[in-house]
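Secondary and tertiary structure notes
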Amino acid sequence: MDLDTVADELYGLRPEDFTAARQARAAAARKGGDRALAERIGRLRRPSLAAWASNLLVRRQPEDVEPLLRLGEALRQAHHDLDGAQLRDLSRRQHVLINALSRQARHLADQAGHPIGDDVQREIEAMLQTVLADPEAGREWATGRLVKPFGPTVGFPAASAGATARRTPPGRRPAPPPSAPRRADKAADERRRRLEKALREAEQAEAELRAGQDEAAEADRRTREAEERADALRRRVGELSEELRRIEEEQRQAGTAVREAREEARAAERRVREAGRRAKTAAARVERLNRTA
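Residues numbered from 1 in each chain as written. Predicted model: local features only at pLDDT ≥ 70, side-chain atom pairs only at ≥ 80, totals over all residues. Heavy atoms only, no water.

A word on the overall build of the chain
When its secondary structure is counted, the chain shows 10 helices and 0 strands. Reading the chain from its N end, one meets helices and strands in the order α-α-α-α-α-α-α-α-α-α. Taken across its 293 residues, the chain has 29% of its residues classed as buried. Excluding contacts between residues fewer than 6 apart, the proportion of contacts in the chain whose partners are at least 24 apart in sequence is 70%. Taken as a whole, the chain presents about 19000 Å² of accessible surface, with 51% of it coming from carbon and sulfur. (Helix = DSSP H or I, 4+ residues; strand = E, 2+ residues; numbered from the N terminus. Buried < 20%, exposed > 50% of the residue type's maximum accessible area, 1.4 Å probe, protein only. Contact = heavy atoms within 4.5 Å. Areas by Shrake-Rupley, 256 points an atom, 1.4 Å probe, with all protein chains shown as cover.)

Details of the environment of Val 6
For Val 6, the position within the fold is in helix 1 (residues 3–10). Val 6 gets classed as buried once you look at its relative accessible area, which sits at 2%. A sequence separation of 20 residues divides Val 6 from Ala 26, and the C-alpha atoms of the two residues are 9.3 Å apart. For Val 6, the contacting residues outside a window of four places in its chain are Met 1, Arg 25, Ile 41 and Leu 44.

Focus: the side chain of His 114
By the secondary structure assignment, His 114 is in the loop between helix 6 (84–111) and helix 7 (118–133). At 3.2 Å, the side chain of His 114 forms a polar contact with the side chain of Glu 16. Residues within four places of His 114 in sequence aside, it is in contact with Arg 14, Pro 15, Glu 16, Leu 49, Trp 52 and Ala 109. (Polar contact = N/O pair within 3.5 Å; in protein donor to acceptor, adjacent residues only side chain to side chain.)

Thoughts on the packing of helix 7 against helix 8 (residues 135–142)
It is the contact of helix 7 with helix 8, at a shortest axis distance of 5 Å, that shows an interaxial angle of 125°. Viewed along their axes, helix 7 and helix 8 adopt a mutual orientation that is oblique. The two elements helix 7 and helix 8 meet at a crossing, and its hand is left-handed. The segment helix 7 lies against helix 8, with Leu 128, Thr 130, Val 131 and Ala 133 engaging Pro 135, Ala 137, Gly 138 and Trp 141. For the contact of helix 7 with helix 8, the per-class residue count stands at 6 nonpolar, 2 polar and no charged. (Axes fitted to C-alpha atoms, helices over the stretch in contact; angles between N-to-C directions. Parallel < 35°, antiparallel > 145°, perpendicular 65-115°, else oblique. Left-handed = near helix turned anticlockwise from the far one by under 90°. Nonpolar A, V, L, I, M, F, W, Y, C, P; charged D, E, K, R; others polar.)

Dropping the structure here:
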């Protein structure tokens, strides 16, 4: 038993199963005489629901890890190069991929018997955004052992630089070093303008992403509600169909009983008429005998 093996096992469990399993593994380590390992196992923290769902995504669909990490590298490079066209293209891919992965994480959590809500899905989306912006976060995410969502991301390099530029009071520019030539001033101004433009484009893409995510979440909610309603109606149709079959059978049996009762009534009428004829014949015979006597 070693810490990596135990951590891989524990962070693959559902959050509610984590603590009991951790205590069991720590106890086993102590029983085996490795108190240091037992203490290290005991310090492993139970993951939040969003971290667990993200770990589940990494573990169940490892083929999706590398595409997100590569997209993060491409986005960071595009921000560094101030490549507006590439930034727009990569931002669209970013929106599609993060939306798809967050929804898949939610689906996997549902399959694992631990459904998550919209708030947790948004936490997962924020984590994936951080993975794109921060290579260190990307490496940590890819281990499948996250304990909690990442802290606020610093953002992409160009965005940070652009934010710094925007904090300069309107109408003023940072003074260049006294020894800098005028050409360097123009180059710095041009770079600041490109940074600000890239920042605006990134902010617009981020706003579009958030709007798209909200629309997707709302559409997903409506889809689930419609599916639940359809399931309820299918069950009701099944119940009514079964009830209809039962009533039809009862109606058939009642029709048979009616026909049998009518047949019995006709037979009884025939017997009554026959008895009447016999009674009339007997009375006539008695009368003749009386006259003879």
